[in-house]
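Chain residues, written in single-letter form:
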Amino acid sequence: FDLRRGRWVEAFQMPAGMAQTHLGVAADGQRFIYTAGGQLGAQCSPGVADCRVLDAASRVWGDLPPLPAVRYAPVLRLWHGRLHAVGGTLADRATPAPDHWSLGVRDGRALEDEWRPEVPIPVLGTHRGGAIINDSFFVFGGHGCDIRPYPNDPKFTCDWNSEHETTLVETVRLEAGAAEWKLCAPMPKPTGHTDFSVVCAGPFALVVGGVESHNRYQDMIQFYDTRTDQWRAAGRLPYAMKTNAAFYKGRLYVITGQSSRSADDPSPGVVLNGIWSARFDPTPRP
């Protein structure tokens, strides 16, 4: 999707054997898009530790050293020339991990042969959003677990009777060079499945839509000022949804995703192929 032209312009293939969902994704904002971990296959299929990089100019994919272990839905961000992979769930798909690893990269290539351990995150979760703002790594909300597959099922059917997702409100922050993460102000609403719907606008972060509790989608745009450590509600989406978001030249975009069934039924509904946008002023109101 070309934000400058406001339309879809191209589609191309992912590599065979690459995880299709539950990926950690980060970009340098110019050319290279990095991925880590994820789920290979439908329903509650197995996770992977694979890491890849896409050269967005040439449309060529490359390989990076794998994560030290399988991870579903880690938060992945590029910070000071290093990819940072935080949290997510273990190979059982349900148990959240505290691990934080990093890998040096430059121009789409790894500078090291393996990931190194970093400061573990104290609030465990998955399907959460993250942002690098003012030289700090922020992680927002998320879920305390995920759905497991039925044991020994060759189709990896999801067991929806397994423990329900607990949804988090915690905001945690790691300053550059710090020895521990710090708890910040909690989010107005517990929110998960915002892996790709956190956007930055200067010193502010927007958490757009998401899942409020088990099978309950929400439509709030939550606005966080990193300077004052304060949250507020900043608007509503057209409907409750988990989505992908971008902020470009003063406009907020929500791109595809999945909506609730209706305004009265917040449970999961149709998968979307549309795009909404609205002018958004991130300047805090008095």
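The structure we're discussing is the one just above.
Overview of the structure.

Criteria and thresholds
- Residues numbered from 1 in each chain as written.
- Predicted model: local features only at pLDDT ≥ 70, side-chain atom pairs only at ≥ 80, totals over all residues.
- Heavy atoms only, no water.
- Pairing = 2+ DSSP bridges.
- Helix = DSSP H or I, 4+ residues; strand = E, 2+ residues; numbered from the N terminus.
- Axes fitted to C-alpha atoms, helices over the stretch in contact; angles between N-to-C directions.
- Buried < 20%, exposed > 50% of the residue type's maximum accessible area, 1.4 Å probe, protein only.
- Salt bridge = Lys/Arg side-chain N within 4 Å of Asp/Glu carboxyl O.

## Quick notes on the sheet that holds strand E12 (residues 171-175)
- As summarised here, the arrangement of the four strands in space is E10-E11-E12-E13, forming an open sheet in which the pairing is antiparallel. In the strand order of this sheet, the two ends are held by strand E10 (129-133) and strand E13 (182-184), each with one partner. On average, adjacent strands in this sheet sit at an angle of 25° to one another, irrespective of strand direction.
- Where strand E11 (residues 136-140) lies against E12, five bridges are found, and the strand directions are antiparallel.

## Focus on the pairing of strand E15 (residues 204-213)
- Within E15, nine of the ten residues are buried, which leaves the element mostly enclosed by the surrounding structure.
- Where strand E14 (residues 198-201) lies against E15, four bridges are found, and the strand directions are antiparallel. Residue pairing across strands places Val199 opposite Leu206, the latter belonging to E15.
- Here E14 hands over to E15 after two residues, with Gly202 in that stretch at a positive phi of 65°.
- Where E15 meets strand E16 (residues 216-225), eight bridges bridge the pair, whose relative direction is antiparallel.

## Observations regarding the pattern of salt bridges
- Under the defined criterion, the tally for this structure stands at 15 salt bridges.
- The residue Arg4 makes a salt bridge to Asp2 at a minimum N-O spacing of 3.6 Å.
- For Arg4, a relative accessible area of 68% gives the class exposed.
- Of the residues examined, Asp2 reaches a relative accessible area of 10% and is grouped as buried.

Everything listed here is a matter of geometry and, on its own, says nothing about what the molecule does.
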